[in-house]
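Descriptive structure summary
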Amino acid sequence: IQCMTSDLNFPVEIVVAPTVRESDGLAMSSRNKYLIGDLRTQAVALSQADSSGASVSPMLLLNAARPVLELGREAEATATIERAIAEATRLDDQVVHLQALLLLAGAERQRGDLDRATALFDAAERQLRERLPPDHAAFTSLLVQRAVVATVRGRLDEARALTDRALARVQGTSPGGDLLGAIHQ
């Protein structure tokens, strides 16, 4: 932050001070005060692992990143998701690695980096194809995610085609498929 303010010639002085913590060890902040229940427990566990240098469960990291992403704090969520990917890779946890890739792709889409989101969706799809049968529901979800990216890019015909493919897959595999088809028409 000091470098940034200096580089941008902001007329401010940055005063570095130690982090003030709550009794449970979580940093006092305007954001952390809204954490309750399981989210606070997860945040405390992450904080303790960070300060001790210990390994953190990649699933715990993912679970912590999701609400942060939903709050619109994409950069913060992305850093946590990337840490989850690193931990999942280190532990060879392919399921969490794949979930993290998909969540990271969504975060990049929210941040507006559609090329990176597409590349991450491609990587996730390659992993899915290696592990799952072609009619697995995960591919339908991926089609929907790709439709959202196409929509954001303004490629509405492509988005419609992807959505139609996703609905066709659901109609073919779901007991309520004909109802979805009727609603879509």
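Refer to the structure printed above.
No experiment lies behind these values; they were computed from the predicted model shown.

1. Concerning the nonpolar core
Residues L62, I81, I85, L101, L103 and F121 are the most contacted members of the largest nonpolar core, which totals 29 residues. Counting only elements with at least two residues in this core, the list comes to helix 3 (58-70), helix 4 (74-91), helix 5 (94-111), helix 6 (114-131) and helix 7 (137-152). The leading source of residues in this core is helix 5, at 8 residues. Ranked by size, the runner-up nonpolar core spans 6 residues in total, among them L143, A159, L162 and A166.

2. Some details on the environment of R83
Summarising the element assignment, R83 is placed in helix 4. Residue R83 is classed as partly exposed on the basis of its relative accessible area of 26%. Distance in space between the C-alpha atoms of R83 and V56 is 9.1 Å, their sequence separation being 27 residues.

3. Observations regarding the side chain of T78
Along the polypeptide, T78 turns up in helix 4. Here T78 falls in the buried class, since its relative accessible area comes to 3%. For T78, the side chain forms a polar contact with the side chain of R111, separated by 3.4 Å. Excluding residues within four positions of it along the chain, T78 makes contact with L104, A107, E108 and R111.

4. Re helix 4
The terminal C-alpha atoms of helix 4, which comprises 18 residues, lie 25 Å apart, in line with the 26 Å expected from a rise of 1.5 Å per residue. Listed in full, the buried residues belonging to helix 4 are E74, A77, T78, I81, A84, I85, E87 and A88. The inward-facing, buried residues of helix 4 contact helix 3 and helix 5. The first or second residue beyond helix 4 is D92, which carries a positive phi of 55 degrees.

5. So, the packing of helix 3 against helix 4
Any two packed helices are characterised by how steeply their axes cross, that is the angle between the axes, and by the distance between the axes. Helix 4 packs onto helix 3 with a crossing angle of 165 degrees between their chain directions and a minimal axis gap of 8 Å. On the basis of the axis angle, helix 3 is roughly antiparallel to helix 4. Crossing of helix 3 over helix 4 shows left-handed handedness. Taking contact as the criterion, the partners of P58, L61, L62, A65, V68 and L69 in helix 3 are, on helix 4, E74, E76, A77, T80, I81, R83, A84, E87, A88 and L91. Each residue belonging to the contact of helix 3 with helix 4 can be placed in one class, and the counts come to 11 nonpolar, 1 polar and 4 charged.

6. Overview of helix 5
Under the 1.5 Å per step criterion, the end-to-end length of helix 5 is 25 Å for 18 residues, consistent within 8% with the ideal 26 Å. Within the span of helix 5, buried status applies to V96, H97, L98, A100, L101, L103, L104, A105, G106, A107, E108 and R109. Packed against the buried residues of helix 5 are helix 3, helix 4, helix 6 and helix 7. Phi for G112, located one or two positions after helix 5, is positive at around 95 degrees.

7. Let's talk about the packing of helix 4 against helix 5
With their axes 9 Å apart at the nearest point, helix 4 and helix 5 run at an angle of 160 degrees to one another. By the criterion of interaxial angle, the relationship of helix 4 to helix 5 is roughly antiparallel. Crossing of helix 4 against helix 5: the hand is left-handed. Residue-level inspection shows E74, A75, T78, I81, E82, I85, A88 and T89 of helix 4 in contact with helix 5, the latter providing V96, H97, A100, L101, L103, L104, A107, E108, Q110 and R111. Considering only residue class, the contact of helix 4 with helix 5 consists of 10 nonpolar, 4 polar and 4 charged.

The rules behind the values
- Residues numbered from 1 in each chain as written.
- Predicted model: local features only at pLDDT ≥ 70, side-chain atom pairs only at ≥ 80, totals over all residues.
- Heavy atoms only, no water.
- Core = buried A, V, L, I, M, F, W, Y, C linked by side-chain atoms within 4.5 Å.
- Buried < 20%, exposed > 50% of the residue type's maximum accessible area, 1.4 Å probe, protein only.
- Helix = DSSP H or I, 4+ residues; strand = E, 2+ residues; numbered from the N terminus.
- Polar contact = N/O pair within 3.5 Å; in protein donor to acceptor, adjacent residues only side chain to side chain.
- Contact = heavy atoms within 4.5 Å.
- Expected span 1.5 Å × (residues − 1).
- Axes fitted to C-alpha atoms, helices over the stretch in contact; angles between N-to-C directions.
- Parallel < 35°, antiparallel > 145°, perpendicular 65-115°, else oblique.
- Left-handed = near helix turned anticlockwise from the far one by under 90°.
- Nonpolar A, V, L, I, M, F, W, Y, C, P; charged D, E, K, R; others polar.

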